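What follows is the residue order along each chain.
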Amino acid sequence: MTLWYVARAAGVVAMIMFTLSAALGIVTSGSRNPERRFWFQYVHRSAAVTGLVLLGAHIVAVIADSNVAISPTVLLWPFASGYRPFAMAIGTLALYGLVLAAVAGAARGRLAHSRTFSKYWRTIHIAASVGWALSIGHALLAGTDRSTPWMLAITLSCLAAVVGASFYRAHTYAPTNLVRTR
């Protein structure tokens, strides 16, 4: 049972960390205040890294748990899982998106001088948003706790946090708010 608890706890807290990172990324990207932007980006990146570490723990614990029929091949061929193949495929695709965004984020400083990389940075970074959304789908479909009130509350709260951050950014940094009147 220990691996089951580790897998569940790591997966849930990883989703919460990715939600924090996503919400801060949404709010921060429109900020013009350098000090606020610095601290929000710091927490945004720290939450993302923490989420990745917990995601790794979640994957290792799930694969190591002998009570669940999930092998490491699910990371390469997600639909081959004997346990909820569609939910596992969504989780694997979420992993791909989050890792792609993390690798691109880690390389951003080194590749900042590249016009091509800078031009496509936001497009590549959208992989994190897709990964986050897929992780919400994975949480709703995969876990044994998925239909419990506490898990539904956490998952829906994560969804509400990112939607709320999006509405905040759209309202606060809308182009009509930036237009100066005479």
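This text goes with the structure placed above it.
Note that this is a predicted model, so its numbers are computed, not measured.

Calculation rules
- Residues numbered from 1 in each chain as written.
- Predicted model: local features only at pLDDT ≥ 70, side-chain atom pairs only at ≥ 80, totals over all residues.
- Heavy atoms only, no water.
- Helix = DSSP H or I, 4+ residues; strand = E, 2+ residues; numbered from the N terminus.
- Buried < 20%, exposed > 50% of the residue type's maximum accessible area, 1.4 Å probe, protein only.
- Contact = heavy atoms within 4.5 Å.
- Areas by Shrake-Rupley, 256 points an atom, 1.4 Å probe, with all protein chains shown as cover.
- Core = buried A, V, L, I, M, F, W, Y, C linked by side-chain atoms within 4.5 Å.
- Patch = residues over 30% accessible without salt bridge, like charges linked within 9 Å, V, L, I, M, F, W, Y side chains within 5 Å.
- Salt bridge = Lys/Arg side-chain N within 4 Å of Asp/Glu carboxyl O.
- Lys, Arg positive; Asp, Glu negative; His and termini not counted.
- Charge placed at Lys NZ, Arg CZ, Asp CG, Glu CD.
- Polar contact = N/O pair within 3.5 Å; in protein donor to acceptor, adjacent residues only side chain to side chain.
- Axes fitted to C-alpha atoms, helices over the stretch in contact; angles between N-to-C directions.
- Parallel < 35°, antiparallel > 145°, perpendicular 65-115°, else oblique.
- Left-handed = near helix turned anticlockwise from the far one by under 90°.
- Nonpolar A, V, L, I, M, F, W, Y, C, P; charged D, E, K, R; others polar.
- Expected span 1.5 Å × (residues − 1).

A. Structural context of the overall build of the protein chain. The helix and strand tally for the protein chain stands at six helices and zero strands. Along the protein chain, from the amino end to the carboxyl end, the secondary structure elements read α-α-α-α-α-α. By its C-alpha atoms, the protein chain is 70 × 40 × 25 Å across when sized along the principal axes. Residues counted as buried form 36% of the 182 residues belonging to the protein chain. Taking contacts inside the protein chain between residues at least 6 apart in sequence as the whole, the part at least 24 apart equals 64%. Just so you have it, the protein chain exposes about 11100 Å², and 70% of that area is on carbon and sulfur atoms.

B. Molecular detail of the nonpolar core. Of all hydrophobic cores here, the largest spans 15 residues; its most connected members are M15, F18, L55, W132, I136 and M151. Residue assignment for this core shows that the elements contributing at least two residues are α1 (2-28), α2 (34-64), α3 (85-111), α4 (115-141) and α5 (149-172). Aside from chain neighbours lying at most four places away, what touches I136 is M15, T155 and C158. In this structure, V62, V74, Y83 and A142 belong to the second largest nonpolar core, which totals nine residues.

C. The environment of L152, seen in detail. Its location among the elements puts L152 in helix α5. L152 sits in the partly exposed class, given a relative accessible area of 31%. Each C-alpha atom, one on L152 and one on L140, is 7.5 Å from the other, the two residues being 12 residues apart in sequence. Excluding anything up to four places from it in sequence, L152 contacts L140, R146 and S147.

D. A look at a positive patch on the surface. Together, R32, R45, R108, R122 and R169 line one region of the surface with positive charge. Summarising the element assignment, R122 is placed in helix α4.

E. Looking closely at the side chain of T28. Turning to its location among the elements, T28 is positioned in helix α1. Among all residues touching T28, those that are not within four sequence positions of it are R37, F40 and Q41.

F. View of the side chain of S81. By the element assignment, S81 lies in the loop between α2 and α3. The class for S81 is buried, based on a relative accessible area of 8%. There is a polar contact of 2.9 Å between the side chain of S81 and the backbone oxygen of Y83. With near-sequence residues (within four places) excluded, S81 lies in contact with A69, I70, V74 and M88.

G. Representation of the environment of V163. In this fold, V163 is placed in helix α5. A residue is classified by how much of its surface remains accessible, and V163, at 39% relative accessible area, is partly exposed. Separated by 140 residues in sequence, V163 and A23 place their C-alpha atoms 8.2 Å apart.

H. Highlighting the packing of α4 against α5. Relative to each other, α4 and α5 sit at 160°, their axes nearing to 10 Å. Accordingly, the angle class assigned to the pair α4 and α5 is roughly antiparallel. For the pair α4 and α5, the sense of crossing is left-handed. On the side of α4, the interface is formed by W132, I136, A139 and L140, while α5 contributes M151, L152, T155, C158, L159 and V162. A class-by-class count of the residues in the contact of α4 with α5 yields nine nonpolar, one polar and no charged.

I. Seen up close, α3. Its 27 residues place the ends of α3 37 Å apart at the C-alpha level, agreeing with the 39 Å of an ideal helix rising 1.5 Å per residue. For α3, the set of buried residues is A87, M88, A89, I90, G91, T92, A94, L95, G97, L98, A101 and A104. The inward-facing, buried residues of α3 abut α1, α2 and α4.

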